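Residue strings, one per chain:
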Amino acid sequence: MMVLKDKLKLEDRSIVIRDIVRRNNSNDNQCGIVTNIDIECAVKLVGTNCVLYPVNSKDLQHIW
């Protein structure tokens, strides 16, 4: 099934690959870079009641 990109809306952007991260409320200076994400999510088609679940985040593409 193909959906036009203008019908999609990002509901949550927690982290993405190449984000720089570190612990909250930490006094140390350690940080890292996100290199892999494996999340199952629900995808709702905008303007419909259709929800696809589970969808692995690796199956989604970023749209710029």
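Residues numbered from 1 in each chain as written. Predicted model: local features only at pLDDT ≥ 70, side-chain atom pairs only at ≥ 80, totals over all residues. Heavy atoms only, no water.

- As recorded in an unreviewed UniProt entry, the protein chain goes by Ubiquitin-conjugating enzyme E2 O and comes from Lates japonicus.

Quick notes on the overall build of the protein chain
No. 1: For the protein chain, the helix and strand inventory stands at zero helices and four strands.
No. 2: Counting helices and strands in the order they occur from the N terminus, the protein chain gives β-β-β-β.
No. 3: Of all 64 residues assigned to the protein chain, the portion counted as buried reaches 11%.
No. 4: A sequence separation of at least 24 residues applies to 15% of the contacts in the protein chain between residues at least 6 apart.
No. 5: Within the structure as shown, the protein chain displays about 6300 Å² of accessible surface, and the carbon and sulfur contribution to it stands at 51%. (Helix = DSSP H or I, 4+ residues; strand = E, 2+ residues; numbered from the N terminus. Buried < 20%, exposed > 50% of the residue type's maximum accessible area, 1.4 Å probe, protein only. Contact = heavy atoms within 4.5 Å. Areas by Shrake-Rupley, 256 points an atom, 1.4 Å probe, with all protein chains shown as cover.)

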